[in-house]
Structure formats: C-alpha cells, structure tokens
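Chain by chain, the residues:
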Amino acid sequence: MILYLDASALVKRYVAEPGTPEVGEVIAGAEVVGTSTISRAETATALAKAVRVGTLVREAAVSALQVFRSEWMKLVRVQPTELLVARADSLAWELGLRGYDAVHLASALLWKEGMGQEVTLATFDRRLWEAAIQRGLRPFPDDLPGMLALWQGQVTS
C-alpha cells in the first residue's frame, strides 16, 4: 500500500490519542509512506497547541517533536510546487476545503498520478476524507464518520 498522511494522521504517530493504534498499524502495513512538506510545520504546530491548551505536557510534546524530526527524512515528502498549489486552489474552491487540506489532497492526487498506483490518504478531517473519496483516493480510516461518532460518544449499543 502507498500511504499518504495528512498532518491530522501524522501527529497520531507521535502522540497517544484516539486513532493512534490504527495509524501505527496502517503505517506498519504500508510499502511507502509520504506526506507534503507542509506537514512538518503543521505537526510542530499541533504539538505546540496541545501544550498551550493543556492536553499534553511540555516534556511529552518536546519528546514527540524530537522523534518526529528524527523520522522526517524517512518519509517521502511531496513538494508544493506552483502547479500543485494551483491545483489545490481549484480543489479548495470546488470542494470547500481549507487551504492546507487542499494542498494535502492535491499532493496525494499528484502522487497517485505520478506513480500510477492507488494511494491511500490517511486523515482524521471529515471534509478532507470525503474529498479523497470523491477524487478517487482510498480513504483511511475506512469509516471515519463512525470512528468520530464513537469517540464523541454518539454511538449507542
């Protein structure tokens, strides 16, 4: 499997939270794992925010950031070129995506087209997950709406 991680999925590799075990499993089963270079800043930002809002102690965040930075070069990194950003512009407009989500979708699509193989886009953002399906990417997790509902306590037995 060729796996593309957006920042919402990538951060789960480094912080224990809902979805962390699933992300670990999908990464372990992938032949190739990649992301956009913007994920580097997004992941650091997510860790800093977790400290600011009190969901992660500073020491844990620093440790997670160090591990992330040490593993960064092992990821295939899709570069945001002018052409890719122009495509993200169109995707953002057509699908109502936020800017970086559109860049992630454009990056995964470019990767799929360049490799000529199916790409799985891992995200925990519902709108990006739905856009991935609309554009012919395989989404991960398979049932994000169900997972989110379960985590939010909306599913009853």
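Up top is the structure.
So, here is what we can say about the structure in this document. (Residues numbered from 1 in each chain as written. Predicted model: local features only at pLDDT ≥ 70, side-chain atom pairs only at ≥ 80, totals over all residues. Heavy atoms only, no water.)

## Remarks on the sheet that holds strand β4 (residues 119-122)
For the record, the criterion: In short, DSSP must find at least two bridges between two strands for them to pair. Each helix is a run of H or I in the DSSP string that is no shorter than four residues. Each strand is a run of E no shorter than two, and both are numbered from the N terminus. To obtain an axis, a line is fitted to C-alpha atoms, over the contacting stretch when the element is a helix, and the angle between two such axes runs from 0 to 180 degrees between their N-to-C directions. Residue contacts follow a heavy-atom distance rule, with two residues in contact if any of their heavy atoms lie within 4.5 Å.
The strand order across the open sheet formed by five strands is β3-β2-β1-β4-β5, and the pairing between neighbours is parallel. Sheet topology places β3 (76-78) and β5 (138-140) at the edges, where each strand pairs with a single neighbour. Across this sheet, the average inter-strand angle for adjacent strands is 30°, counted without regard to direction. Across the face of the sheet, helix α6 (residues 99-115) comes into contact with β1 (2-5), β2 (32-36), β3 and β4 while running at roughly 165° to β1.

## A short note on the environment of L128
For L128, the location among the structural elements is in helix α7 (residues 126-134). For the pair formed by L128 and L84, sequence separation is 44 residues and the distance between their alpha carbons is 17 Å. Contact partners of L128, with chain neighbours within four places excluded, come to D6, L97, D101, H104, L105, L121 and T123.

## Focus on the side chain of T120
Within the secondary structure, T120 is located in strand β4. Beyond its immediate sequence surroundings of up to four residues, T120 is in contact with M1, I2, L3, Y4, R138, P139 and F140.

## Considerations on helix α4 (residues 58-71)
Rules: Every helix has an expected span of 1.5 Å times one less than the residues it contains.
Here α4 contains 14 residues, and its C-alpha end-to-end distance of 20 Å stays within 8% of the 20 Å for a straight helix at 1.5 Å per residue. Those residues of α4 that are buried lie in contact with α1 (7-10) and α3 (38-53).

## A few points about the environment of S39
Our working definition: Burial classes follow relative accessibility: with a 1.4 Å probe on protein chains only, a residue under 20% of its type's maximum area counts as buried, one over 50% as exposed, and anything between as partly exposed. Definition of a polar contact: a pair of N or O atoms within 3.5 Å, with one able to donate and the other able to accept a hydrogen when the atoms are protein atoms, and with sequence-neighbouring residues admitted only if both atoms are side-chain atoms.
Tracing the backbone shows S39 in helix α3. Judged by relative accessible area, which is 0%, S39 ranks as buried. Between the C-alpha atoms of S39 and W72, which are 33 residues apart in sequence, the distance is 9.8 Å. Excluding residues that lie within four positions of it along the chain, S39 makes contacts with L5, D6, A7, L10, F68, W72 and H104. Of note is the side chain of S39, whose polar atom sits 2.6 Å from the side chain of T35.

## Let's talk about the packing of α6 against α7
Put simply, the rule reads: Working rule for angles: under 35 degrees goes down as roughly parallel, over 145 as roughly antiparallel, 65 to 115 as roughly perpendicular, anything else as oblique. We call a crossing left-handed when the near helix sits turned anticlockwise from the far one by less than a right angle, and right-handed when that turn is clockwise. Classes in brief: Ala, Val, Leu, Ile, Met, Phe, Trp, Tyr, Cys and Pro nonpolar; Asp, Glu, Lys and Arg charged; the others, Gly included, polar.
At a minimum axis separation of 10 Å, α6 and α7 run at an interaxial angle of 30°. By the angle between their directions, the pair α6 and α7 is classed as roughly parallel. Crossing geometry of α6 relative to α7 is assigned as right-handed. Between α6, through D101, H104 and L105, and α7, the contact on the second element is made entirely by L128, A131 and A132. Class assignment for the residues of the contact of α6 with α7 results in four nonpolar, one polar and one charged.

## A look at the pairing of β4
Along a regular strand, successive side chains alternate from one face of the sheet to the other. We apply this condition: Call a crossover right-handed when, viewed with both strands pointing away from you, the route from the first strand across the helix to the second goes clockwise.
Burial of β4 is two-sided: the residues V119 and L121 facing one way and the residues T120 and A122 facing the other way are all buried. Sheet topology places β1 next to β4; four bridges connect them, and they run parallel. When the sheet's bridge partners are listed, Y4 is paired in β4 with L121. With three bridges connecting them, β4 and β5 associate as parallel partners. By the bridge assignment, L121 is partnered in β5 with P139. The β-α-β motif built from β4, the intervening α7 and the parallel element β5 has right-handed crossover chirality.

Take it as geometry only, folks, not as evidence of what the structure does.
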